[in-house]
Amino acid sequence: AQYRSQISKLGTSDAHVAGFEQLANIFDESVDEGVRAALVSISSSLSTLSTQAGNKEHDTAVRSNMQVLLNIFREKAIRLQDIREDMQSGFRSTDISDLNQILENIAELNTSIKNSQILGNPALELQDQRNTLLDELGSYLPISVKYRDETIGPDQTVEVLDVSFIDTNGQRHTLVYDGRYSTFDTNVTELPVTLTMTDANGNHVQLAGYQKDDKGNDVYTEILGSGTVKGTLDLLNKSGDFDHSDFRGLGYYEKALDAMINKFATVFNEANKEAIPGTD
């Protein structure tokens, strides 16, 4: 039980680390030259031009270095978009698909184990398989596992397993109930990425996405608490300081890059207006 209560926290961290490793390939300039080196080159060429204003060769050097910087900005923006698209696609086709398959397999094993117990066979090998799947499921979501006795005849009971998780609002959701199981669905075509669940009892629940607040405004809400699914949603949907959320996901780096480019263009254009009055 302790293992399963902690494995979902590890799942959150694993998802975050996987995302940051991809971002590091874009922004880590400790080895490869990037924005910093391009800005140094621009500064150097501007300094040289300032001593020989109107020199065509030095003017060309400034323009060339500016183009290098713009190409770097463009390349980083494209790579960020590629990461987002790959992550969104993988979330739907891999993470959520695998999660649904695990839940279905646990429910099927529940049925097989129950039938074996009715015939007097404890089905220990099937129970081991189910335990392995439960451990795997625990990395996706913070789960709670409960065993109960079900009466199947006079003086005859079998042990049945149910699985649920409690969201951040304290509400319990049934993932597996005997032979029934929940299914998850996600929409990755729009932001924020939404996640909904039809639980084992047929109830529909939105786990992540926009919800109306008391004033009727759309507010992003996520109630998973921990797990790989939450970690990936953090990366896809949260922008840290830019949306006042608790995590700097992909949106933070996209918006930070946009802000840097906008600030650079604004300051440089204003400086040129002062240098050449009456020009745009």
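A brief report on the enclosed structure follows. (Residues numbered from 1 in each chain as written. Predicted model: local features only at pLDDT ≥ 70, side-chain atom pairs only at ≥ 80, totals over all residues. Heavy atoms only, no water.)

Spatially, the four strands line up as an open sheet ordered 5-6-7-8, and their pairing is antiparallel. Pairing within the sheet leaves two strands with one partner each, and these edge strands are strand 5 (183-187) and strand 8 (218-222). Ignoring which end each strand starts from, the neighbouring axes of this sheet average 30 degrees apart. Where helix 3 (residues 56-118) meets the sheet, its contacts fall on strand 5 and strand 6 (194-198), and the angle it forms with strand 5 comes to roughly 170 degrees. Together, strand 6, strand 7 (204-212) and strand 8 form the strand contacts of helix 5 (residues 228-237), whose direction differs from that of strand 8 by roughly 150 degrees. (Pairing = 2+ DSSP bridges. Helix = DSSP H or I, 4+ residues; strand = E, 2+ residues; numbered from the N terminus. Axes fitted to C-alpha atoms, helices over the stretch in contact; angles between N-to-C directions. Contact = heavy atoms within 4.5 Å.)

Here we come to the packing of aromatic side chains. Tallied over the entire structure, the rule returns five aromatic pairs. Between Tyr 252 and Tyr 253 the ring centres are 5.1 Å apart and the planes differ by 85 degrees, which places this aromatic pair in the edge-to-face class. Taken together through their ring pairs, the aromatic side chains of Phe 27, Phe 242, Tyr 252 and Tyr 253 make up a single cluster. (Phe/Tyr/Trp six-rings, centres within 6.5 Å; stacked < 30°, edge-to-face > 60°.)

To continue, consider the side chain of Ser 116. Checked against the element boundaries, Ser 116 lands in helix 3. Residue classification places Ser 116 among the buried positions, given a relative accessible area of 16%. Excluding residues within four positions of it along the chain, Ser 116 makes contact with Asn 121, Ala 123 and Leu 126. (Buried < 20%, exposed > 50% of the residue type's maximum accessible area, 1.4 Å probe, protein only.)

Applying the stated criterion across every chain yields a total of one cavity of 30 Å³ or more. Within this model, the largest cavity holds a volume of roughly 40 Å³. Forming the walls of the largest cavity are Asn 110, Ile 113, Lys 114, Arg 130, Glu 159, Val 160, Leu 161 and Asp 178. Within the residue set of the lining of the largest cavity, elements represented by two or more residues are helix 3 and strand 2 (156-166). Its residues assigned to classes, the lining of the largest cavity shows three nonpolar, one polar and four charged. (1 Å grid on protein atoms, 1.4 Å probe; cavity = no way out; pocket = protein on both sides within 12 Å on 5 of 7 lines; lining within 4 Å. Points joined across faces, edges and corners; volume = space filled by probe spheres on them. Nonpolar A, V, L, I, M, F, W, Y, C, P; charged D, E, K, R; others polar.)

The quantities given are spatial measurements derived from coordinates; they are silent on function.
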